Amino acid sequence: MWIKVCGMTTPEAVEAAVAAGADAIGFVFAKSVRQVEPAAARDLAAPARGRVTCVAVTLHPEPRALEEILA
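As a starting point, this report considers the structure included with it. (Residues numbered from 1 in each chain as written. Predicted model: local features only at pLDDT ≥ 70, side-chain atom pairs only at ≥ 80, totals over all residues. Heavy atoms only, no water.)

1. Overview of helix α2 (residues 38-45)
For an α-helix the count is 3.6 residues per turn, leaving residues at separations of three or four pointing the same way.
For step 1, the next point in the chain: Those residues of α2 lying buried are P38, A41, L44 and A45. Projected onto a plane normal to the axis of α2, the buried residues spread over an arc of 125 degrees and lie on a single side. Opposite its buried face, α2 presents the exposed residues R42 and D43, each directed more than 90 degrees away.
For step 2, the next point in the chain: Where α2 is buried, its residues meet α1 (11-19), β2 (24-28), β3 (53-57) and α3 (63-70). (Buried < 20%, exposed > 50% of the residue type's maximum accessible area, 1.4 Å probe, protein only. Helix = DSSP H or I, 4+ residues; strand = E, 2+ residues; numbered from the N terminus. Arc of directions from axis to C-beta. Contact = heavy atoms within 4.5 Å.)

2. Observations concerning the pattern of salt bridges
For step 1, the next point in the chain: Evaluation of the coordinates by the stated rule reveals 2 salt bridges.
For step 2, the next point in the chain: Put simply, R51 and E15 hold a salt bridge, and the shortest N to O gap is 3.5 Å. Of this pair, R51 sits in the loop between α2 and β3 while E15 sits in helix α1, placing them 36 residues apart in sequence.
For step 3, the next point in the chain: According to the relative accessible area criterion, R51 is partly exposed, its value standing at 47%.
For step 4, the next point in the chain: Overall, the relative accessible area of 37% leaves E15 in the partly exposed class.
For step 5, the next point in the chain: With its nearest N and O atoms 3.5 Å apart, the salt bridge here joins R42 to D43. Comparing R42 with D43, the two get one shared label, exposed. (Salt bridge = Lys/Arg side-chain N within 4 Å of Asp/Glu carboxyl O.)

3. Observations concerning the nonpolar core
For step 1, the next point in the chain: Grouped together as the largest cluster of nonpolar side chains are 15 residues, with contacts concentrated most on M8, V14, I25, F27, F29 and A48.
For step 2, the next point in the chain: Going through the elements one at a time, α1, β2 and α2 are the ones with two or more residues in this core. (Core = buried A, V, L, I, M, F, W, Y, C linked by side-chain atoms within 4.5 Å.)

4. Structural notes on the sheet that holds β3
For step 1, the next point in the chain: Read across the sheet, 3 strands follow the order β1-β2-β3 without closing on themselves; strand pairing throughout is parallel. The open sheet has two edge strands with one neighbour each: β1 (4-5) and β3.
For step 2, the next point in the chain: Inspection of the sheet shows β1 paired to β2 by 2 bridges, in the parallel sense. Looking at the pairing, K4 lines up with A24 of β2. (Pairing = 2+ DSSP bridges.)

5. Some remarks on the state of the cysteines
For step 1, the next point in the chain: Applying the stated criterion across every chain, the model contains 0 disulfides.
For step 2, the next point in the chain: No disulfide involves C6; its nearest neighbouring cysteine sulfur is the one of C54, lying 11 Å away. (Disulfide = S-S within 2.5 Å.)

6. A word on the pairing of β3
The side chains of a regular strand alternate, first on one face of the sheet and then on the other.
For step 1, the next point in the chain: Bridge count for β2 against β3 is 5 bridges, and the pairing is parallel. Along β3, the bridge assignment pairs I25 with C54.
For step 2, the next point in the chain: Taking the sense of rotation as the criterion, the β-α-β connection linking β2, α2 and β3 turns out right-handed. (Right-handed = clockwise from strand over helix to strand, strands pointing away.)

Structure (structure tokens):
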């Protein structure tokens, strides 16, 4: 089984998902109560990189926004 925990908004949530054995964590860039800016997602993902897959959740992003997320 492969598990992704989505809607990461705090360092504590990221660490809890990683510690629980999640295979991936998701960062929401679409309009949502859990939406994060690319810079915040970068900072939140930093301690998890290499430990889990980090996923961007989008909804019809503009090319410029997608470039910013991927950077």
